[in-house]
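Reading the structure
Residues per chain are reported as follows:
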Amino acid sequence: MSGEVFGRANDERTPLLRPRQEDRGNDDASNPFNYNATSSAEMAINSTDEDDRVLSQSMDEDNILGLLRRRRSYESQEGGVVSSSSLPGDLPHRPTNEPKTVRTGNLNLLSSKFESLDYDICENSLLIDEERTKGYQFIAKKDLLRWVIMIFIGIFTALIACCIDIAIEEGSGVKFNFLKKQVDQCVEDGCLSIPFLYWILCNLVPVLIGSLLVVYVEPVAAGSGIPQVKCYLNGVKVPRIVRVKTLIVKAIGVTCSVLGGLAVGKEGPMIHSGAVVAAGLSQGKSTTLRKDFKLFTYFREDHEKRDFVSGGAAAGVAAAFGAPVGGVLFSLEEGASFWNQSLTWRIFFCSLISTFTLNVVLSTYHGRPGELTYSGLLNFGKFDNTSYDFIEIPLFILMGILGGLLGALFNHLNFKLTVFRIRNITKRYVKVLEAVLVSAVTATVGMGMILYTNDCKPLGDDPTKYPVQMYCGDGQYSAIGAIWFQTPEASVRSLFHDPPGSHKLTSILMFFAFYFFLSCWTYGLSVSSGLFIPSLLTGAAWGRVVGMGMEYMFPDKSWVNPGKYALIGAAAQLGGVVRMTISLTVILIEATGNLTLGLPLMITLLMAKWVGDYFNEGIYDTHIRLMGVPILEWEPPPLSRNIHATEVMSTPVISFSSVENVGRIIDILTNERYNGFPVVDTPMYNDGRTFGKIRGLILRSQLIVMLQHKLYNETAESWSHKGYTLKLFRDAYPRYPTIQQVHVSDEERHFTVDLRPIMNPSPYSVMHSSTLPRIFKLFRGLGLRHVIVVNDNNEVVGIVTRKDLARYRMEKHMGNMRLSELTILD
């Protein structure tokens, strides 16, 4: 293994973090808190690599493990406060009780506000009775309904995509036609400042509307939504991510962003839109609209909803790129933590339905009903006669390396800019002003390039609809103006299919430089936007430059095609930014309709990913870490088998008896934020290290529903005849009431409830000697929310949650590796 392997660089005792009191009074929810952290063993929350080397050289492995084994944290299950008892002695080179200020916008922090989804099926008595009562017909009916729901997900996702595409095409047609007339008229009259102001105004108004919607109505609709969907499919509950209001703001917002001339695309948000459609249709109700249609009630569970959201994300990819297979692979590669054969078939079917529906609607809209020539929102055009020679493979490798370097630079600049936004741009009106400023700067750059770039070509050699003559001669128009006076998707298609000699080298290089930084500045604004198209357009620009160079060196070779190199450059740039491989390869193959280019695309994308990963993470992973989401990687951290369950788990554990007092349940749910409680046999004595023999696991939501419906043992006569079924819990899903919304009288506090019919009688548990990789694989593979740690006598000694595992992370940078332990913020 290359590189140096460091010990755990972050705080071995997770410090107690609290917001400063002066910051609590700010009514702006998005304002980042400054956190005070006090620890006698502070280790590299913001340390340098040199600090880590000093630390690793000063302490041998046995000393570190000795400190770890004496560590006992008291951590909330799914979103609480982390504290720890003192460790004996101080670590070298770190003063005792030295206060540190930890600011948000740090890659080494996890936020406690994120809870886990529960993908494990709770096989309690109610579920078993339901299946036994309804029989095999019920199972067959559920399976049929899954296919029906997938059909509707594909149809509705495609219809939303069509609405967005048609709105953008009609709006951009009006905008660019108006601007073209103004420019052509003012070139003769010498009043080019007027069309310039019109251009700024045409950008400002849509961006202002879209930004206001995102900032003041639904902030989670900002960006593409792909990082949030990825977190959801990984098992993290991201607040408001799959609500109807989010979908509405996302659809309107991305339309306004593209019409506003920002360096964005509409394809990325389609993935988020498909996920929201899937989440809504599969549940048969809308909590945003406060309407329950009493449909599909048997799918109101996290694991069923997850499968449908996977299908919705794939349908979004299929609608955006006309790539149903690519959509399936995208959900598999980027999102879903659980997969099986039947789910693969259903998702592929959903993607095909989405592609077919969009094709029918758009073909009809463009006056070609029945031809089915519009398979996706992004149309690359045909590459039927494009091939490559063996001698070009080294060039493809070099282009992949360049794409990885540019992608790493893009991600680094965007990371710095995002951190600046998190820490400084906190007022809502400032976020709107920033979006408006970027739209004005984009128009200024475009107008400046058209004015001062002399790049003319004859009419008829370009597919642009709005050719601008500017200072070109009669029968000619500005080639760089053709790129700016159309949507980014059309610009990508132009660079792919413009004939040789259509552009000057200086104009393309200038466009690449400006658009690279504009797209970097734009991603992260408080607007709905996608990253795919800006990256493709940037890569197509420098890929076109490579094609010009190949034309100069090999003027007589038939395999030299500038459009081909533009496509490879676009793939390299996008792969260097997002670090996708197999799914992106298939998406581009399906979008171009040319299987011959599969190997060059795969080589390019692999090189871009490997080179980019040497420097930093992909853009989506970077933003996920900046949000502090406790996401679990595909594999556990390497070289972590020396970490055992006793070092990972949270302890002491609050547990319940099989028959529990109502007053105690109320007090615990009110005072604690835990979401899972082991059900145990009450121990004969309590030594503070064991908490009784395990009998099951019960969730906070289950307890609240029981208390809400007053399912007490003492009043069983009043509710037992009504039926005690899973319907009570499905009706409350997914927004369960809080404990403050449950009214319990003083008399009822002395009643008892029987937890055995509701609890999971067979929760997953591990021995206290289990290693971190074993716990990680069990947790990740089964989509668990809690894993109980037991000793040799099957007594509960601790509990492991997502945050306990997510805080162990392998850091890789410039060939060096280290296992770090992240800090959890309250």
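Here goes a summary of the coordinates provided. (Residues numbered from 1 in each chain as written. Predicted model: local features only at pLDDT ≥ 70, side-chain atom pairs only at ≥ 80, totals over all residues. Heavy atoms only, no water.)

Comments concerning the environment of Cys 163
When you line up the elements, Cys 163 lands in helix H3 (residues 125-189). When the C-alpha positions of Cys 163 and Leu 362 are compared, they lie 9.7 Å apart, and in sequence the two are 199 residues distant. (Helix = DSSP H or I, 4+ residues; strand = E, 2+ residues; numbered from the N terminus.)

Some details on unusual backbone geometry
With an omega dihedral of 0°, the bond running from Thr 651 to Pro 652 counts as a cis peptide bond. Of note, Pro 652 is situated in the loop between helix H21 (645-648) and strand S14 (659-661). Put simply, Tyr 733 and Pro 734 share a cis peptide bond, and its omega is 0°. Examined against the element boundaries, Pro 734 turns out to sit in the loop between helix H25 (727-732) and strand S17 (752-754). Residue Lys 294 is not a glycine yet carries a positive backbone phi of 60°. Looking at the element boundaries, Lys 294 is found in the loop between strand S11 (291-292) and helix H8 (302-321).

Concerning the state of the cysteines
Counted by the stated rule, this structure contains two disulfides. Between the sulfur atoms of Cys 186 and its disulfide partner Cys 191 the distance amounts to 2.4 Å. Here Cys 186 and Cys 191 share a disulfide; its torsion about the S-S bond, -85°, makes the bridge left-handed. Classification of Cys 191 by relative accessible area gives buried; the value is 19%. Covalently, Cys 456 is tied to Cys 472 through a disulfide, its sulfur atoms 2.0 Å apart. Every disulfide takes its handedness from the sign of the S-S torsion; for Cys 456 and Cys 472 that torsion is -85°, giving left-handed. Of this pair, Cys 456 sits in strand S12 (residues 456-458) while Cys 472 sits in the loop between S12 and strand S13 (476-478), placing them 16 residues apart in sequence. Classification of Cys 456 by relative accessible area gives partly exposed; the value is 25%. (Disulfide = S-S within 2.5 Å. Buried < 20%, exposed > 50% of the residue type's maximum accessible area, 1.4 Å probe, protein only.)

Here we look at the packing of aromatic side chains
One pass over the full model with this rule turns up 24 aromatic pairs. Considering the side-chain rings of Phe 178 and Tyr 198, the 5.1 Å spacing of their centres and the 75° angle between planes classify their relative orientation as edge-to-face. Of this pair, Phe 178 sits in helix H3 while Tyr 198 sits in helix H4 (residues 193-217); the two residues are 20 residues apart in sequence, bridging distant segments of the chain. Residue classification places Phe 178 among the partly exposed residues on the basis of a relative accessible area of 30%. (Phe/Tyr/Trp six-rings, centres within 6.5 Å; stacked < 30°, edge-to-face > 60°.)

Side note on the sheet that holds strand S19 (residues 786-790)
Spatial strand order, S18-S19-S20: three strands in an open sheet with mixed pairing. Single-partner strands in this sheet number two, and they are strand S18 (765-767) and strand S20 (796-801). Averaged over all pairs of adjacent strands, the angle between their axes in this sheet comes to 30°, without regard to strand direction. Of the pairings in the sheet, the one linking S18 to S19 comprises three bridges and is parallel in character. Looking at S19, one finds that Val 766 is bridged to Val 789. On the sheet, helix H26 (residues 772-782) packs against S18, S19 and S20 and is oriented at approximately 60° with respect to S20. (Pairing = 2+ DSSP bridges. Axes fitted to C-alpha atoms, helices over the stretch in contact; angles between N-to-C directions. Contact = heavy atoms within 4.5 Å.)

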